[in-house]
Each structure stands twice: as C-alpha cells, then as structure tokens.
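Coordinate analysis (summary)
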Amino acid sequence: MITVYGGTGFVGSTFCNMYEDTLVMPRDQRNPVTDNILYLISTIDNYNIHTDITLDVETNLRVLCEVLDYCRKDSIVFNFVSSWFVYGDSGLPAKESYECHPKGFYSITKKCAEDLLISFCRTYEVDYRIMRLCNVMGKGDGKSSAKKNALSFMIDKMKKDEDIDVYDEGTPIRDVMHVKDVCRALRLVMDKGNLNEIYNIGSGQPTRIGDIISVAKEYLNSKSRVGSKEAPRFHQICQTKDMYLDVTKLNDLGFEQEIPLQKIIEELCTN
C-alpha cells in the first residue's frame, strides 16, 4: 500500500483514482501508515510573495519536516514529487544532473525541500526518489488560473469567446503531458526506478505556448482575439521563459506516453 500525502490535489487525486493500493492521508496527519510514501503536498505557484510571504516556506518545508520526523527508519521509501521549476534558467533540455537555479519563492522552496529530503535520508539511511514534473494538463484541475496552469485558463476563456493575451508572441516553450500519463510515469518510477535518484517526468518535447493556443482556437472555432504582450517584470524575475525536460532516464524504464498533445488540447476544449 502507498501512503499518499496531498492526495486531494489535481495530480494526487488522479493518481489515487487510477491505483487502488493508495491511502490518502488526512490534511493534519503526519505519521505515515505504510513504508511506501508518495508525497505531493505543495504550493502551486510563485505568487504567494505578494499575499502570504511565508506560505511557501510553511507548506513546502515545515510540513515536509513534520512528516519526515516520523520517517526515521530504514524500511521507508520516500517518493517526493517536485517540479521543473527547480531548474530555473538551466540548459535545455534540462537533465537531472544539471545545476539548478530556481528563481521564485515556490521554486526555491521546492529545491530546498529536495535538499532537505536528501540530507535527512542520508542521515537516517532512508531511501528516496525525487520526481520533477513537467506542465501537467487535463480536465479536472480546479486550481487552473492565470498564475497556475495558464494554458487551461486561456482555453477556458476561448470557449467563451473572450479575448486573451499570450506573452512574447506565444514563443515561450513548455514540456506538456496529460495528468494520467504523469501518474503512470510516477507509478513506473516508484515500481522500477532506482532508489536515491532524481527522475524527470515529462514528454521531453518542446512545445510553444502559442502553438497550443492556435490549435485550441481552431478546434473551438473561437471568436476570441489572441493578442500578445511583454511578460510583466515579476514574471521575468520569478519565472522561466523556456523549459523542456530530458526524459532519457524515464524512457529507459520503459515509459511510453499514451495521450498525445492533440488529444490533450481536444480534451481541454470539450465541455
């Protein structure tokens, strides 16, 4: 059985719906009930600095440490879900071995959480895996907004024929994968991945945001005007313009993506 922390979020709930051998921990429970842990508790964007400056630290670091406090035995395997955000302005495609340069509070605390986990596991001889996710898409993400999962947010606006703006003529690049494929990749790494290693979870394909929007607009026959504007200063400071992942290690485990980008876009366009 897998003890799942953060099992009510977009990825966590999808994972638990796909796999029956999961136990979702209540929000206030820290003590795991099995030795196989999947940990997804996290904030979701870099914008908390404007409204609650300690939220990323409290959620991404303090809660993690409270859970780790119950994990001081060598039989535990701690599978930690991280984010491509930790790479910051790294080389492309970003490899697990690359030095990270996270830029915003969310990104920095996610990388710090990775480092704390590794230090803890080495100290107490606990095994771990770290899985850095690409941009996760699919229906059912109730927290998509202009700040998080902006592609889904913009497609929703085009369904209503509302005008949208993309940054920098739509040229920023992302690595996109369907949430179900992401969950399949997580499970594969948990079942077959080497212990005490980092794995990228993604398609490995660079996709321009503007191309996704164009396909969605045509599919919807939307009357929305798609404009362009320069990314605001905060976005330039805390976000990364281009990112896609090297997924050689994931593919070496035998992973095959089942839901192509076209199907992802069509799903998001369907009410």
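So, how was this worked out
Residues numbered from 1 in each chain as written. Predicted model: local features only at pLDDT ≥ 70, side-chain atom pairs only at ≥ 80, totals over all residues. Heavy atoms only, no water. Helix = DSSP H or I, 4+ residues; strand = E, 2+ residues; numbered from the N terminus. Buried < 20%, exposed > 50% of the residue type's maximum accessible area, 1.4 Å probe, protein only. Contact = heavy atoms within 4.5 Å. Areas by Shrake-Rupley, 256 points an atom, 1.4 Å probe, with all protein chains shown as cover. Lys, Arg positive; Asp, Glu negative; His and termini not counted. Charge placed at Lys NZ, Arg CZ, Asp CG, Glu CD. Phe/Tyr/Trp six-rings, centres within 6.5 Å; stacked < 30°, edge-to-face > 60°. Lys NZ or Arg CZ within 6 Å of the ring centre and 35° of its normal.

Turning next to the overall build of the protein chain. Scanning the protein chain from N- to C-terminus turns up nine helices and 12 strands. With respect to the principal axes defined by its C-alpha atoms, the protein chain has extents near 60 × 35 × 35 Å. Sorting the 271 residues of the protein chain into buried and exposed places 52% on the buried side. Long-range contacts, defined as pairs at least 24 residues apart, comprise 79% of the intrachain contacts of the protein chain with a sequence gap of at least 6. As displayed, the protein chain has an accessible area near 12700 Å², and 47% of this comes from carbon and sulfur atoms. Separation between the mean location of the 33 positive side-chain charges and that of the 40 negative ones in the protein chain comes to 3 Å.

The next thing to look at is the packing of aromatic side chains. Counting across every chain of the model gives eight aromatic pairs. Residues Tyr39 and Phe80 carry aromatic rings whose centres are separated by 5.8 Å and whose planes lie at 15 degrees to one another, so their mutual orientation is stacked. Here Tyr39 is found in strand β3 (residues 36–39), whereas its partner Phe80 is found in strand β4 (residues 77–83), with 41 residues between them in sequence. Assessed through its relative accessible area of 0%, Tyr39 is described here as buried. Given the relative accessible area of 1%, Phe80 is considered buried. Aromatic side chains Phe120 and Tyr124 sit 5.0 Å apart centroid to centroid with 40 degrees between the ring planes, which places their arrangement in the tilted category. One end of the pair, Phe120, and the other, Tyr124, are both in helix α3 (residues 105–124), four residues apart, so they sit about a helical turn from each other. An aromatic cluster of three or more residues is present, and its members are Tyr5, Tyr39, Phe78 and Phe80. In this structure, Arg132 packs its charged tip against the face of Tyr87, placed 4.8 Å from the ring centre.

Here we come to the environment of Pro32. Position of Pro32 relative to the elements: it lies in the loop between β2 (22–24) and β3. In the structure, Pro32 is positioned 64 residues away from Glu96 in sequence and 28 Å away in space, judged by C-alpha atoms. Leaving out residues up to four positions away in the same chain, Pro32 has contacts with Thr3, Tyr5, Ile37, Tyr70 and Cys71.

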